[in-house]
Structure formats: C-alpha cells, structure tokens
Amino acid sequence: MSNSCLGSANSLATNTELMKTNVCHSIRHICDGTTPSTIFLSDAILGISGIFTVTNSSSSCTMNLSVIDANGTIAYSIPPQSSVAITADTLTSITYTCTGADPTAFCTGSFEASLYYCVDC
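If you look the chain up in an unreviewed UniProt entry, it shows as Endospore appendages core domain-containing protein from Virgibacillus dokdonensis.

So this is what it looks like as structure tokens:
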C-alpha cells in the first residue's frame, strides 16, 4: 500500500483518501509545574500530520509543551500572553505542564489544529 493518498497532490493512489479535520478546544490547567495534561493523542489513527497553534492567554503562567512526531520529541515554552504555531509530521501526542509563581493558579488558553491523515476506502 502506498503512503500517499488520493487528494494529497503526491500521488493518485487508488483506494485511499485524504481526510481533513479541524480541532479546537480550550485549555485550563493548574500552574504547579508537575501535573501533565494531554492536548492531543493520535491513538488508533496513524499518520496524522498538519499544523496547530497553542495560545497561552494566562497573565502569569508559562506553558511547557512537549510534541512527539516523526522528528522525535520537541519541547516548546510558551510565555504568558503569547502563542506558537507548529507543523507536525506523523503526530503522536501533545502534552504540557504549566508553571508560575502561584502553584494554585491556572493557565488558560486554546488549541487549534488543522490536521489530515490517509484512510483506506
């Protein structure tokens, strides 16, 4: 079976289709620096790729993001009142912790993604 999908501009492989999905949800997590939370987990759908943005709208907490994809594990630090856009190839998971001066405070923000993957028809 080919790794390219019909509609992916790489191939006109038969019996496959490029599926696209948009995901958006809010983030709210304690700023204790130790408790991890999962934003995204590919689970049974393999080969998910695309671009996503994580926005930190907190006033005093920093988000520490860990992205696992085909390139390995990459860490990002997102300061308060900022965001980061990331392109991922064969995305596995996105997890994060929040750190700040007050460990009882919460970091807030959002996750927005435009993702695609191939399926057999």
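**Some thoughts on the sheet that holds strand β8 (residues 106-120)**
Pairing in this open sheet of four strands is antiparallel, and the strands run β1-β8-β3-β6 from one edge to the other. The outermost strands of the open sheet, each flanked by one partner alone, are β1 (16-30) and β6 (82-88). Recorded for the sheet is a direction-independent mean angle of 10 degrees between the axes of neighbouring strands. Alignment of β1 against β8, held across 15 bridges, turns out to be antiparallel. Note that in β8 the partner of Asn 22 across the bridge is Ser 114.

**Quick notes on the pairing of β8**
Looking along a regular strand, one sees the side chains alternate between the two faces of the sheet. Of the strand pairs in this sheet, strand β3 (residues 49-56) and β8 are connected by eight bridges, and their pairing is antiparallel. Counterpart to Val 54 in the pairing with β8 is Phe 111.

Rules of the game
Residues numbered from 1 in each chain as written. Predicted model: local features only at pLDDT ≥ 70, side-chain atom pairs only at ≥ 80, totals over all residues. Heavy atoms only, no water. Pairing = 2+ DSSP bridges. Helix = DSSP H or I, 4+ residues; strand = E, 2+ residues; numbered from the N terminus. Axes fitted to C-alpha atoms, helices over the stretch in contact; angles between N-to-C directions.

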